[in-house]
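An overview of the molecular structure
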Amino acid sequence: MELRTRINTEMKQAMKDKAAARLSTLRLISAAIKDRDIAVRGEGNENGVDDTELLAILGKMVRQRQESAKTYEEASRFELAEREISEIGVIEEFLPRKLSEEEISAALEEAIAEVGATSIRDMGRVMAALKSKYTGQINFGLKYTPMRTSYRPHQYFSDSSP
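To keep things clear, this report deals only with the structure shown in the data block. (Residues numbered from 1 in each chain as written. Predicted model: local features only at pLDDT ≥ 70, side-chain atom pairs only at ≥ 80, totals over all residues. Heavy atoms only, no water.)

Some details on unusual backbone geometry
Spelled out, the test is: Going along the chain from the N terminus, every DSSP run of H or I of four or more residues is numbered as a helix, and every run of E of two or more is numbered as a strand.
Backbone geometry places Lys-18, a non-glycine residue, at a positive phi of 55 degrees. Looking at the element boundaries, Lys-18 is found in the loop between helix 1 (3–17) and helix 2 (20–42).

Some words on the packing of helix 2 against helix 3 (residues 51–74)
For the record, the criterion: For helices, the axis comes from a line fit to the C-alpha atoms of the stretch in contact; other axes are also lines fit to C-alpha atoms, and the angle between any two N-to-C directions lies between 0 and 180 degrees. Any angle that falls under 35 degrees is termed roughly parallel, while one over 145 is termed roughly antiparallel, one within 65 to 115 roughly perpendicular, and all others oblique. Less than a right angle of anticlockwise turn of the near helix away from the far helix marks a crossing as left-handed, whereas a clockwise turn marks it as right-handed. Note on definitions: a residue-residue contact is assigned when non-hydrogen atoms from the two residues lie within 4.5 Å.
Two elements in contact, helix 2 and helix 3, have axes whose closest approach is 10 Å; the angle formed by their N-to-C orientations is 130 degrees. By the angle class used here, helix 2 and helix 3 are oblique. For the crossing formed where helix 2 meets helix 3, the hand is right-handed. Seen from helix 2, the contacting residues are Leu-28, Ile-29, Ala-32, Ile-33, Arg-36 and Val-40; seen from helix 3, they are Glu-53, Leu-54, Ile-57, Leu-58, Met-61 and Arg-65.

Overview of the layout of surface pockets
The line we're drawing: Only protein atoms enter the 1 Å grid used here, on which a cavity is any set of points holding a 1.4 Å probe that cannot leave and a pocket is any open set flanked by protein within 12 Å on both sides along at least five of seven lines; residues with an atom within 4 Å of a point are listed as lining. Grid points are joined across faces, edges and corners, and a volume is the space filled by probe spheres set on the points. Ten residue types, Ala, Val, Leu, Ile, Met, Phe, Trp, Tyr, Cys and Pro, are classed as nonpolar, four, Asp, Glu, Lys and Arg, as charged, and the remainder, Gly among them, as polar.
Reported here for the largest pocket is a volume of approximately 350 Å³. Lining the largest pocket are 17 residues, with Gly-59, Arg-63, Gly-136, Ile-138 and Asn-139 positioned closest to its centre. Examining the composition of the lining of the largest pocket, we find that 7 residues originate from one element, helix 3, more than from any other. By residue class, the composition of the lining of the largest pocket is 6 nonpolar, 6 polar and 5 charged.

A short note on the pattern of salt bridges
Rules: By salt bridge we mean one thing: a side-chain nitrogen of Lys or Arg within 4 Å of a carboxyl oxygen of Asp or Glu.
In this structure the tally under the stated criterion is 11 salt bridges. Of the charged contacts, one joins Glu-93 and Arg-22 as a salt bridge, the two residues approaching to 2.8 Å between their closest N and O atoms. Separated by 71 residues along the polypeptide, Glu-93 in the loop between helix 4 (78–92) and helix 5 (101–115) and Arg-22 in helix 2 bring together distant segments of the chain. Among the charged side chains, a salt-bridge network with shared partners connects Glu-2, Arg-4 and Asp-37.

Examining the nonpolar core
Selection rule: As used here, the term nonpolar core means buried Ala, Val, Leu, Ile, Met, Phe, Trp, Tyr and Cys residues forming a set that is joined through side-chain atoms within 4.5 Å. Here's how the labels work: a residue is buried when its accessible area is under 20% of the maximum for its type, exposed when over 50%, partly exposed in between, all with a 1.4 Å probe on protein chains only.
By size, the foremost hydrophobic cluster in this structure holds 21 residues, and its most contacted members are Leu-3, Leu-26, Ile-29, Leu-58 and Phe-94. For this core, the elements supplying multiple residues, two or more each, are helix 1, helix 2, helix 3 and helix 4. When residues no more than four places from it in sequence are discounted, the contact partners of Leu-3 are Asp-51, Leu-54, Leu-55, Leu-58 and Phe-94. By size, the runner-up hydrophobic cluster in this structure holds 15 residues, among which are Leu-99, Ile-104, Ile-112 and Phe-140.

Here it is in structure tokens:
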């Protein structure tokens, strides 16, 4: 089922179930998608955003809420942090399952082979290949993501020094 349709179906179900908090979060998701659709249509794409970009929007929403929850916890506003965390749970229902470190390592090796990377200079192309296949499954933005901590150039490229 297309992601957009799934979100709308879940919103209707939340209305029927009278789940106010869930409905509120689903409406926020829908508003963010519609906002991005309007921006894309202004650029000439009449079809709106595709599922890949929807996953990026949802990922951004999760990161925003994680930052807000952390800020609220630091300010001892635990009820607000709890609300942000519950919103994260609803948003993550629409994101694909996160890959384990072993799966990330296998995906990295596959991407290196796919693009024919021979040196660390090819890492941009490798990352682009990974992002096109694994959007939402690997967090590319975290400083200490398994991608960055487990990646060792000398494992994959012969001309890199350890």
